Each structure stands twice: as structure tokens, then as C-alpha cells.
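# Observations on the three-dimensional arrangement
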Amino acid sequence: MERRSFLRGAVIGGTAAAFGGTLMHGAAYAAPAQPGPGPYGALGAADANGIQLPGGFTSRVIARSGRTVSGTSYAWHPAPDGGACFTDGSGWIYVSNSEVNPGGGASAVRFDSSGTVTGAYRILSGTRQNCAGGATPWHTWLSCEEVSRGYVYETDPWGGTATRRAAMGRFKHEAAAADPVRRAVYLTEDETNGCFYRFIPTTWGNLSSGTLQVLVAGSGTTGSFAWADVPDPDGSPTATRSQVSGAKKFNGGEGCHYASDTVWFTTKGDNRVWQLNLASSTFELAYDDSLVAGGGAPLTGVDNVTGSSSGDLFVAEDGGNMEICIITPDDVVAPFLRITGQSGSEITGPAFSPDGRRLYFSSQRGTTGSSSGGITYEVTGPFRA
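None of these values were measured; they are calculated from a predicted model. (Residues numbered from 1 in each chain as written. Predicted model: local features only at pLDDT ≥ 70, side-chain atom pairs only at ≥ 80, totals over all residues. Heavy atoms only, no water.)

Here we take up the nonpolar core. Soluble globular proteins tend to bury their nonpolar side chains together. Core analysis: the largest hydrophobic core is formed by 21 residues, its most contacted members being Phe336, Leu337, Phe361 and Phe383. Elements supplying a minimum of two residues to this core: strand E24 (313-317), strand E25 (323-327), strand E26 (332-339), strand E27 (347-352), strand E28 (358-363) and strand E29 (375-380). Looking at which element gives the most residues to this core, the answer is E26, with four residues. Those residues within four positions of Phe383 in sequence are excluded, and the remaining contacts are Tyr40, Phe57, Phe314, Phe336, Phe352, Gly356, Arg357, Arg358 and Leu359. Ala175, Phe225, Trp227 and Cys256 belong to the second largest nonpolar core, which has 20 residues in total. (Core = buried A, V, L, I, M, F, W, Y, C linked by side-chain atoms within 4.5 Å. Buried < 20%, exposed > 50% of the residue type's maximum accessible area, 1.4 Å probe, protein only. Helix = DSSP H or I, 4+ residues; strand = E, 2+ residues; numbered from the N terminus. Contact = heavy atoms within 4.5 Å.)

Another point: the pairing of strand E7 (residues 91-98). The element E7 is largely enclosed, with a buried count of eight among its eight residues. Where strand E6 (residues 80-88) and E7 come together, seven bridges link them in antiparallel fashion. Paired with Pro80 across the strands is Ser98, a residue of E7. Connecting E6 to the antiparallel partner E7 that follows it, the hairpin turn spans two residues, and Gly89 within it adopts a positive phi of roughly 60°. Inspection of the sheet shows E7 paired to strand E8 (residues 106-111) by six bridges, in the antiparallel sense. In the strand pairing of E8, Trp92 is matched with Phe111. (Pairing = 2+ DSSP bridges.)

The description of two aromatic rings rests on the distance between their centres and on the angle between their planes. Under the definition given, this model contains 27 aromatic pairs. Seen from their ring centres, Tyr40 and Phe336 are 5.6 Å apart, and the 70° between their planes marks the pair as edge-to-face. Separated by 296 residues along the polypeptide, Tyr40 in the loop between strand E3 (34-35) and strand E4 (51-52) and Phe336 in strand E26 bring together distant segments of the chain. Taken individually, Tyr40 and Phe336 each receive the classification buried, so the pair is uniform in this respect. Centroid distance Phe314 to Phe336: 5.4 Å. Interplanar angle 80°. Geometry classified as edge-to-face. Of the two residues, Phe314 is situated in strand E24 and Phe336 in strand E26; the sequence distance between them amounts to 22 residues. What makes Phe314 buried here is its relative accessible area of 0%. Residue Phe336 is classed as buried on the basis of its relative accessible area of 1%. Put simply, the rings of Tyr186, Phe196, Phe225, Trp227, Phe250, Phe265, Trp274 and Phe283 touch in pairs and so form one group of aromatic residues. A cation sits over an aromatic face here: Arg164 above Tyr151, 4.2 Å from the ring centre. (Phe/Tyr/Trp six-rings, centres within 6.5 Å; stacked < 30°, edge-to-face > 60°. Lys NZ or Arg CZ within 6 Å of the ring centre and 35° of its normal.)

For the rest of this paragraph, the subject is empty space enclosed by the protein. For the structure shown, the criterion picks out four cavities of 30 Å³ or more. Of the pockets and cavities examined, the largest cavity occupies roughly 260 Å³. Broken down by secondary-structure element, the contributors of at least two residues to the lining of the largest cavity are E6, strand E10 (130-135), strand E14 (173-179), strand E19 (253-259), strand E23 (302-307) and E27. (1 Å grid on protein atoms, 1.4 Å probe; cavity = no way out; pocket = protein on both sides within 12 Å on 5 of 7 lines; lining within 4 Å. Points joined across faces, edges and corners; volume = space filled by probe spheres on them.)

Structure representation (C-alpha cells):
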């Protein structure tokens, strides 16, 4: 197929629309990706935190569930999941969901310009099983409930008021990704016969009202797509995903990432990374473990996904061998890191600091295999720009 050359990230009001701090550019995917040498080389031996990394990279523990975050008086939440970074003066903030029910919600850690933790606090409480979500160009965090007829909550990374956004639909939400060009927010659904949605606000920057639409397409893995309005976003009495004839079904929607006229999302039920080419209204596979030549797929249990300024996708595994794998613009998939000794857990919440030099993520259940054992990490090193 024709190779594409994407524009550098969009600019809004003079500020880069990074959705997690980094711009993604230069990507030219001709899916699906195949295994090959990663841009950072082979993984080394596990470090003191049990993480295998390429040469030049180091890790540290930022927080542990149920324990006070170092340098603060705040106890980190259980089952850390989806996350994102936001610029905070010369420093930044990392937000993280809590995937427990009841309780849920989200928390934040604040860093100064040197990466030192300067604060930690709750930004959302009293919700249910907050799994993934997404950042907005106006610097809020959309925290999504992964329960039947769940809601999206718009939260303030600085700790202000959180607001339920009912107009964005009620279903088993996973992730969200904002598109400033089409002024839409894309949404995944974690059902074996789930759909892929977009929400178009009445006024961009205000999610209180708007139109929820569902992707309509054929049953194949490539083709064209269109959007159709969902008659009843409330999902009652007919489930949201069952209201539009021809809505394309996806097996367990998970992570979602937008950059430069493209949106990628993962489906855990069939270990796929899908790619929507928004300018041409076509879709294809960026990765499918069943299409890896010769077997031995390096990426299994696909889950949360984010992008870097180089155009690389970083895909976290739910299970598998506890890796974050990279998919390059040259269609190479390779492990970037591996957590050892935590086979009962999953990797969640990958997000880059605004300068692109630090990657945050969590092991949701840590070494204990329970929600109280979550560990949130930072990896620092020579990420390519």
C-alpha cells in the first residue's frame, strides 16, 4: 500500500498538542509490523527493580500502592492503570487511574524540572473501575469507567473539580484520544463485541454536550469506514453498541492514541493494533500477532498504547511476558523493556514526560498479584527524537 508521511503534531494556540507531552511525527506505517531489531538494541540483565532495559536506560520506583509517595504525605492508590503527563511550569504532572470497584478514581504525582517528586494527591474519587482514559488539548484528564454503562469523568490534573460527562455515552469505556483537527474524541469499548466511537462536542473544549457516533465498516481487517450517530448514548434499554446497524465490532477495545491524522487502538481479544487513517477514512492493521511470519510474536496481550516524538508506538502488555514493545514507523516490532518476577500482573499507563526523556508506567498488581501491590515506575534514557 502507499506509504504515508504524517505532519508533525498539531499546534493549538501556540502550544504543542502533545496529549501526554510529546509530539509524534514522521510516521509512515505500512502495516502490519514484523519482528526485528529494535532501535535501542537488546535488553540487558534485570536491574535492581527487576526491569530489563536497553543500554543507557535506567529505572526508578515512583510509587507503590498503599504506601506514602516519597516526599509527600499521600498514599498511592491501588491497581494503577491508564495515565498521562501534563506540563506544570518547568515541571510536569503524571496522572494515573485506579482500576478498583468500588473506589476507583485517579491520582497525580507532581515533579519539578529535575524530576524530583514535589507532591501527590487525589484528583477523582467515588467512581468505579477507572481503567484507561486520555488527555485533552485543554489540559484535562478523561478518566473512563470500565463497567457496564460506565461514564467518562473529566478531571483536573492540578486537583480541581472533576465532572461526569454523560454526553460521551454510557458503555464499558476503556481509553480516549483527542483529535484537535476534527475536534473529536475517540473512545474504545472493552467488550468482545465492542465498538469504536467518536464524540463531537457542540463546542470544542466543552464536553458537556455533543454527538456520539460509532464507526461503521465491513467485517474485514482493511477497508473504508464511516461514522453514524448513536440514537441513545445513554445505552438504555438497548446497549450503546447494539443500536446502529453495520457498526463494526472489535474484540476487546483497549488503548487509544492519536497523532497527525491517525488514530491507533488495540484489541486485546485478538492481539491486534488497529490504525485508522482519518484523512482517507480507511482502516488497516498496524500489528496482528497471528500474522507474524514464522510465529513467535514478540507482542501479546496488547493493552495501553502511547507514542513518542520519533513516531514510535509503545504498547504495554496485559500479561504476556510483561513487556512494553515498540512499533517503529518502519514497521518493526521489538521489546523495549521487560518486568521480571511479576507474571501475575500487567503493564499499564505508559506516558512520556513533556520533554520526551522519561517514560512512566505501572505494574498494576506488582509481585503480590493483588490490587494492593501496584508499582509505578519511571524509565529515563536516550529516547530518540
